[in-house]
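Residue-level structural notes
Okay, here's what each chain looks like letter by letter:
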Amino acid sequence: MSDFSPRYLADLIRRPIITEKATRVLEDNQYTFEVAPRASKPEIKAAVEFLFDVKVVGINTLMPPRKSRRVGKFAGHKPQYKRAIVTLASGDSITLFPEV
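The rules we used
- Residues numbered from 1 in each chain as written.
- Predicted model: local features only at pLDDT ≥ 70, side-chain atom pairs only at ≥ 80, totals over all residues.
- Heavy atoms only, no water.
- Helix = DSSP H or I, 4+ residues; strand = E, 2+ residues; numbered from the N terminus.
- 1 Å grid on protein atoms, 1.4 Å probe; cavity = no way out; pocket = protein on both sides within 12 Å on 5 of 7 lines; lining within 4 Å.
- Points joined across faces, edges and corners; volume = space filled by probe spheres on them.
- Nonpolar A, V, L, I, M, F, W, Y, C, P; charged D, E, K, R; others polar.
- Pairing = 2+ DSSP bridges.
- Axes fitted to C-alpha atoms, helices over the stretch in contact; angles between N-to-C directions.
- Contact = heavy atoms within 4.5 Å.
- Buried < 20%, exposed > 50% of the residue type's maximum accessible area, 1.4 Å probe, protein only.
- Phe/Tyr/Trp six-rings, centres within 6.5 Å; stacked < 30°, edge-to-face > 60°.

**Quick look at unusual backbone geometry**
Backbone phi values are negative for most residues with the exception of glycine, while trans is the configuration of most peptide bonds. Even without being glycine, Asn29 reaches a positive phi, approximately 65°. For Asn29, the position within the fold is in the loop between helix H2 (20–24) and strand S2 (30–35). Of note, Asp53 is a non-glycine position whose phi angle comes to about 55°, a positive value. With respect to the helices and strands, Asp53 occurs in the loop between helix H3 (41–52) and strand S3 (56–62).

Structure representation (structure tokens):
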């Protein structure tokens, strides 16, 4: 996907999500990332392939519902985000925790 500029692609992937479920699906070669809310699947695929130099087989995206938050007398909502579960080709992997 050479249609997207590398400068734009670097801003799409915000951070990896490390939860129990995300850690469990690592065994199936699936990685979970928080991405920009307006990012499309082809953009996310191009960004992951560009940033990590891997081959992406599939992408599932979801936007979890907003959760209400209360701090004292002030009520509000937690920020909304988009989650992308990226399936990589067999043999490819992403190092989430580099050796220090």
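**Describing empty space enclosed by the protein**
Scanning the model with the defined rule gives one cavity of 30 Å³ or more in all. Reported here for the largest cavity is a volume of approximately 40 Å³. Along the walls of the largest cavity sit Ile17, Ile18, Ala22, Thr23, Leu26, Tyr31, Thr32 and Leu96, which together make up its complete lining. Mapped onto the lining of the largest cavity, the elements with two or more residues apiece are H2 and S2. When its residues are assigned to classes, the lining of the largest cavity shows six nonpolar, two polar and no charged.

**What to know about the sheet that holds S3**
Taking strand neighbours across the sheet as the criterion, the four strands line up as S1-S2-S6-S3 in an open arrangement whose pairing is antiparallel. Both outer strands of the open sheet, strand S1 (13–16) and S3, are each paired with one neighbouring strand and no more. Across the sheet, the mean angle separating the axes of adjacent strands is 35° when strand polarity is ignored. Pairing geometry for S3 and strand S6 (residues 82–88), over six bridges, is antiparallel. Within S6, the position partnered with Thr61 by the bridge is Ala84. Against the sheet, H3 engages S1, S2, S3 and S6, with an angle of about 125° to S3.

**Quick look at the environment of Ala84**
Examined against the element boundaries, Ala84 turns out to sit in strand S6. Owing to a relative accessible area of 0%, Ala84 belongs among the buried residues under this scheme. Residues Ala84 and Lys41, spaced 43 residues apart in sequence, show a C-alpha to C-alpha distance of 8.6 Å. With residues near it in sequence (within four places) discarded, Ala84 still touches Tyr31, Thr32, Phe33, Val35, Ile44, Asn60 and Thr61.

**Here's the deal with the packing of aromatic side chains**
Two aromatic rings are characterised by how far apart their centres lie and by the angle between their planes. All told, the structure shown has one aromatic pair when counted by the stated rule. Relative to Phe52, the ring of Phe33 lies with its centre 5.7 Å away and its plane at 20°, an arrangement referred to as stacked. With Phe33 in strand S2 and Phe52 in helix H3, this pair connects stretches of sequence that are 19 residues apart. Residue Phe33 is classed as buried on the basis of its relative accessible area, which comes to 2%.

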